[in-house]
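# Observations on the model geometry
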Amino acid sequence: MLTGSKTTFKVRQMLPDIKERMLSQSGVNSRSRDVFGLRCLPGECVLQRAVMVRKKLTAREGRGWLSGTLFCTHFRVAFVPQDGPKPDDNADPVLLGDHDVALASIEKVVVVGPNRTKLVTSNSSLKFTPEELVLYCRDLRVVCFLFDRLTPDTQVLEITYTIAKTYQPPKPGSVLSFQNAALGSVEMKQFLSNRRRDTHMNWHESSSDWEQELERCGATGWRVSSVNDRFEMSTSLPRYIVVPQKVLDTELKKSFAHFNEGRIPRWCWRHPRGCDLLRMASFQNNIYHEKDDIRNLETILFGCQASLCVVVELGEELPSPADVQLAHSRLRALCLGDISTSVSVPDDKWLSTLEGTHWLDYTRSCLKKASEVACLLRGGHLTVALQEPDDRDLSCVVSSLVQVMCDPHCRTQHGFQSLVQKEWVMAGHRFNSRLNYHRDNDKEEAPVFLLFLDCVWQLLSQYPARFQLTDDFLLALHDSVHLPLFSSFLANCQRERCKRSQSLGQSYTPVNGWRDMLHPDFSPDPSDPPLPPVWDWALQYSKRRRDRFTQPVAPVPPLQPLLNGNLNTNPDTHRLTDTLPGSVFLFSRGAFSCPANLVPWRSSGGSGVYRKSHRRAASSESVPGLERLLKAWALSEFPQGLTSTVGTQGPLDTYEPLLPLLMGPCMGFWRECYLRGALHAQAFSHPISANHPHPVERLAREVQQLKDKLAQASQTDPHLGAKTAEPRWSDTNLNQNTNNGTFLFPAQRPHGTAAPRAAPPPTSTNRQTSRGPPPASAPPSRPSYKDNGGGNKHTFLFGHSSATEARPEKRCYPTPSNAKLPKSNGPSIAS
Amino acid sequence: MEKSGSIDSLGSKRSSSRQPSVDSLSSSASTSRSDRSAQAKPPSAMSSDSVSTSTELSPELRVKPKTLSKKVPRDVDKEELQLLPNEKVHDMAQDVTYFCPFIGALRGTVMVTNYRLFFKCMDREPAFVLDLPLGVVSRVEKIGGASSRGDVSYGLVCKDMRNLRFAHKQMEDTLRKSIFEVLIKFAFPVSNGLQIFAFEYGQVFPVNGWKVYDAVSEYKRQGIPNESWRITKVNDHYEVCDTYPSTLAVPVNIPDEELKRVAAFRAKGRIPVLSWIHPESQATVARCSQPMVGVNGKRSKEDEKYLQAIMDANAQSHKLFIFDARPSVNAAANKMKGGGYESEDAYQNAELVFLDIHNIHVMRESLRKLKDVVYPNIEDSHWLSNLESTHWLEHIKLILAGALRIADKVESGKTSVVVHCSDGWDRTGQLTSLSMLMLDGYYRTIHGFEVLLEKEWLSFGHRFQLRIGHGDKNHTDADRSPVFIQFIDCVWQLTRQFPAAFEFNEYFLVTILDHLYSCLFGTFLCNSEQQRLKEEIPKRTVSLWSYINSQLEEFTNPLYVNYSNHVLFPVVSLRHLELWVGYYIRWNPRMRPQEPVHQRYKELLAKRSELQKRVDELQREVTNRSASSSSDQPGSPTRSITPVQTFV
């Protein structure tokens, strides 16, 4: 129990050098990190705590209340449930526990007293003892803690003051201290620098990464150019860009000047039908076009083989970043509500107010544009170039949406991460400015990336079975965006990420491996915390949460051939010959046109061959032909042709785009994200929405158990059944998935359940608890946690010391799978 | 190409092309032609604008075991009219134009039977078919006179959120009636002295749905009679109350004679009777009609004593909550007509709560507005504010909120409640049945839900005949109102919030609503139990439950988990309610779901039973082996493994 109000608990870190070095190999310091039940990060200090606090759980968490202890540290507000699992001392540090809130993501602190509510700031003083503490977060969570009458008043007041003082009121410079609080300790730095980065995804950082992507897409005729290696050609473009093979670097160099910010047309993706997707900024108009330049520009624009180029202008029909910002701030105000100001929108005006934010309109227009581009690409034989004035906002949205729609790979977790890395992080989306972490540039703030996540969620909710990633993953990414800790989001382009040493010291640390590869002379500034990439999920989320990022079984392939079958049955291909090779069209507002000034060098009266041939090509007769073509794709006048061939078609075209329904009633509202505020929700629920295993899961588990038993039985182990292991639930919350209709079978999931166990009939156990007032404390899954924790260290995965402990287990369970028990299934046989 | 049209049509095209996965590949093409919203599920007997419907929906075919090999012939069948037993073609006309609001004008053949209108357009490949049970038709109107081109045009306003328009050439033979005049005759059989088709429909199902509900055994399931409640036969001949069922559960210490005196004080004699009793706390949900207080504030000793008895029957609480579903203004206004509400002075220990739910006329108007907003065209940019202006979701919310308060009082407060509105057959039924659905997991099973409808809606005299107007041409009848639709909508909202708590799926709810209108089954005919008995409905018609219970796999939710004793407390904020797109906007081809959910559910069910089988097999094997290897071991763990129950 605390005595002094200002007592702080400093974790002792004075360890002998040798020991520290030894410990740092595993990145942990097991003994000293547990403070009053809170597992601190290395160097993290508990500033204040309050006991007997209850946390209100959201619908996703199972609703109800959870009792425990509330902590405030330099870095976070942490909540440790009373009977939660005991922290595994040897596990890698996780920045935020399941119930924690990072201080940097807190936007407002509000307390509720006996009959009043008050917004608490760093210099407010309270004249009453709060009963409830509500944290409004920037990621749209509303976290609500309830103090018990038995919580000492001093604790209540002090923790409220402490949180109010310590959380980051949005001001420049506070980000660095936050980063230091989280990652600044020596141990943490060492731990981070030893992290291996995820090799399952493509980081699009090295030239071999890009070559790998070209190969994956089957794109020939393109090469990776390092012409921008020193960011001399374009400061915002990445080091490596993909350009047509035919163009030499020396020729390439001359073309940068023709585009805004030097962002020349670059290859992004190839549709399997042979269409390439490019991105570029707007043309620099007042520049003289030399003949050679023109030839190069043409080659770059047309890519390698296509004879037709369609420029898709993204400015007009899509929201501007300022629009996005306005819509999002309205959406936040609407969804967060705020009991302290009581401006919350009455329920009966909810729909029209939601409409008034225009957020859904913008989502729709992005999806619509992306659908159009996807249809263009499906047609084949043309190059589609997305053009946005600075090519750094909406073109990120559209190009990546097109790929999510068309490329099943991008609907897997790793594929999606690669995509974001390619089209956002490397392509130079100004994350740092747009997210405005430092609160120093409100003008530039615009959560374009969040708009994109919403669009992906719309696709996911309309095609739940076609995604491998889940909405839990999207939600995790959404929340991470609001944590100023990740190198992925803390810079505006690759150059900034690389320029760490010159910066004010808060932006960049090269991810592991770079140092040696690219910057042999690089010496990290020891005072700055190294920033991890956002994709290092293990830093943020427990294994249990990460397991929910993907669906346990692969997405189903399309159930039948989709529209247009394949290229052979597509009657449109021949129509393409109507149009002359070398034509450039503008696609805007759903129609093609051929404005004279579309491509400046063609209209600028240059000279020679190009001009002549293209003037003819640009004649208006060819336009309707193309338009007809698009209409044909869009309306697809030939379903019968399709049905006649379905029987024989064999493998399905998995690249058929997922075209979303876009009518008003079809645009969903991402409640799980925007309405997470516990205040809207009731405190009770059906048990299945808590962490209860679904019957199918139980069945699958039983199959596994029985199999294991069989294996044992076949060994005729004399001790069979003498010991039964504790129940183990894998906490995949199946119900979450089922909300989308994506219902999956965990049968294929390696449960690693090794031992037979007596499964308590869930219905009967439930019956005992379900009557009467809803359980005030723990969700029903609690006991299993306890079993997992078990008080018994299960460490054989991490250290040699425990190998002996693990051995008897192996002896007991001779099936090979037992040797690879995931740590979450960890109670040893002795427990 | 217009900007607005392009992508929407892309989407719809796309989705329609996906449609086939539901049944068979080749039906895809046909569906894409039709304007049936064609939820990704087997078509219901009603949602029948589509080619794929006619065969599949006719129940006699559905009950037969389906084999995959039948697919091809079935597709052919789909384009032909499949007559139900005792269904006869009464007229046929060629060269009729159907103006589909989504595809455009279609030329084809119309057939009118005593059950349906069947339109087929062969010009298009694949053929377009519209299959409409006549019970759905609310109004037939001749639009305009004979035009210069000699066309006569007819509009069909339907009860299920759509309007249809047809035209044909002016008859040369003026004596011959237009096919739509013939249609009127069969669409409104009651007004034309004909029989509703349900009385002719001669299908025999393996299950008899009329046996689903038996009042005595349902009360027995609830533990009635017990020391505080008894079952009375005082209304055996419907003398106390002609709109109540014959079997009633009342407090044990109120003799039958006193019941009659209470009945005199309650509107239409609808005395407070038990709907549901909490198995543990004995808190009860009782329903009745408004007390006949009148302007003078009349009191009834018997009624006061009666409510006291209801309160006393629950030892846990010394309070009684009376939920008046109406807005307080309306309740007060009812005093002018002799009705009113309980005064808290007269009823000691009772607390009166008004739930602010509006009357049937407001609801009818709200649904009409909703239809305007969703059919045929939806204004995308103002969709949400248009939806808001219908107030439909707001009404849904108020009903759910009321039911939630009732359930909360009973479950958390352990307090008995009495629910009434004016007559106690509309809002009262919504509230009691919804709160029972929240409180008692039994009603969340398919069978239990059927019992709930039979009990709270049918036996307690929700006036289906009047509210729906079966076979009646008087479409402006002020007694018509979508009270029951609203209830089903509320149930759907619950299923959205608790996807694993209900044994039935969305298709089950849509099917119930479709047959609410179709007049194929006798279930929803008549206004009360007494009338149903008099008309011998169970003898002369088929029950909807016969049809449903004969093919439960169509209606089963694979996500269902049987936590029967758990109480559901839904979130009733408008922020968490949604418009039931799959019902109200299903006719719009652009709204078809992207993934065939129903199909997937069925696969899941199959997979689940497959897994179950594997568990059983493995278990047997384990038992055998362990028996042979270590038979002398007591307490072998094999025995402790509890097989997971299936409730498929």
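Residues numbered from 1 in each chain as written. Chains lettered and ligands numbered in written order. Predicted model: local features only at pLDDT ≥ 70, side-chain atom pairs only at ≥ 80, totals over all residues. Heavy atoms only, no water.

Residues and elements named next belong to chain B. For the coordinates displayed, the defined rule picks out 63 aromatic pairs over all chains. Geometrically, the ring pair formed by Phe 205 and Phe 521 is tilted, given 6.4 Å between the ring centres and 45 degrees between the ring planes. Of the two residues, Phe 205 sits in the loop between helix 6 (179-187) and helix 7 (215-221) while Phe 521 sits in the loop between helix 18 (506-518) and helix 19 (529-534), which places them 316 residues apart along the sequence. Overall, Phe 205 belongs to the buried group, its relative accessible area being 10%. Between the aromatic rings of Trp 492 and Trp 580, the centroid separation amounts to 5.6 Å while the plane-to-plane angle is 15 degrees, which identifies the pairing as stacked. Within this pair, whereas Trp 492 is found in helix 17 (residues 483-497), its partner Trp 580 is found in the loop between helix 21 (544-549) and helix 22 (581-584), the two being separated by 88 residues in sequence. Accessibility assignment for this pair places Trp 492 and Trp 580 in one class, buried. (Phe/Tyr/Trp six-rings, centres within 6.5 Å; stacked < 30°, edge-to-face > 60°. Helix = DSSP H or I, 4+ residues; strand = E, 2+ residues; numbered from the N terminus. Buried < 20%, exposed > 50% of the residue type's maximum accessible area, 1.4 Å probe, protein only.)

Here we come to the pairing of strand 12 (residues 320-324) of chain B. Residue and element names in this part refer to chain B. Counting buried positions along strand 12 gives five out of five residues, so the element sits mostly inside the fold. With five bridges joining them, strand 12 and strand 13 (residues 350-354) adopt parallel strand pairing. When the bridges of strand 13 are listed, Phe 323 appears paired with Val 353. This β-α-β element, strand 12 to helix 10 (residues 328-333) to strand 13, shows right-handed connectivity. (Pairing = 2+ DSSP bridges. Right-handed = clockwise from strand over helix to strand, strands pointing away.)

All names here are of chain A. With respect to the element layout, Asp 276 can be found in strand 14 (residues 276-280). Polar contacts involving the side chain of Asp 276 include one to the side chain of Trp 267, which spans 3.1 Å. There is a polar contact of 3.0 Å between the side chain of Asp 276 and the side chain of Arg 270. (Polar contact = N/O pair within 3.5 Å; in protein donor to acceptor, adjacent residues only side chain to side chain.)

All names here are of chain B. Here chain B averages 83 in pLDDT, and 82% of its residues register 70 or above. Note that pLDDT drops below 50 for residues 1-76; the model gives that stretch 265 contacts with residues more than four away or on any other chain. Throughout residues 631-648 the model reports pLDDT below 50, and contacts reaching past four residues in sequence, or to other chains, amount to 41 contacts. For this predicted complex, the interface score ipTM comes out at 0.83, alongside a pTM of 0.80. (pLDDT = per-residue confidence, 0-100. Contact = heavy atoms within 4.5 Å.)

This paragraph deals with the environment of Phe486(A). All names here are of chain A. Along the chain, Phe 486 turns up in the loop between helix 15 (471-480) and helix 16 (494-498). A sequence separation of 48 residues divides Phe 486 from Val 534, and the C-alpha atoms of the two residues are 5.2 Å apart. Other than its neighbours up to four places away in sequence, Phe 486 contacts Ser 480, Leu 531, Pro 532, Pro 533, Val 534 and Gln 540.

We now examine a nonpolar patch on the surface. Judged by side-chain polarity, Leu83(B), Val89(B) and Met92(B) come together as a nonpolar surface patch covering roughly 230 Å² of accessible area. The topology assignment puts Val89(B) in strand 1 (residues 89-100). (Patch = residues over 30% accessible without salt bridge, like charges linked within 9 Å, V, L, I, M, F, W, Y side chains within 5 Å. Areas by Shrake-Rupley, 256 points an atom, 1.4 Å probe, with all protein chains shown as cover. Salt bridge = Lys/Arg side-chain N within 4 Å of Asp/Glu carboxyl O.)

On to the sheet that holds strand 3 (residues 116-121) of chain B. Residue and element names in this part refer to chain B. If you walk across this open sheet you meet the seven strands as 4-3-2-1-7-6-5, and the pairing is antiparallel. Only two strands of the sheet have a single partner each, and these edge strands are strand 4 (128-133) and strand 5 (137-143). Between one strand axis and the next, the sheet turns through 30 degrees on average, direction left out of account. Along the sheet face, helix 6 touches strand 1, strand 2 (104-113), strand 3, strand 5, strand 6 (151-158) and strand 7 (163-169) and points at about 110 degrees away from the line of strand 1. (Axes fitted to C-alpha atoms, helices over the stretch in contact; angles between N-to-C directions.)

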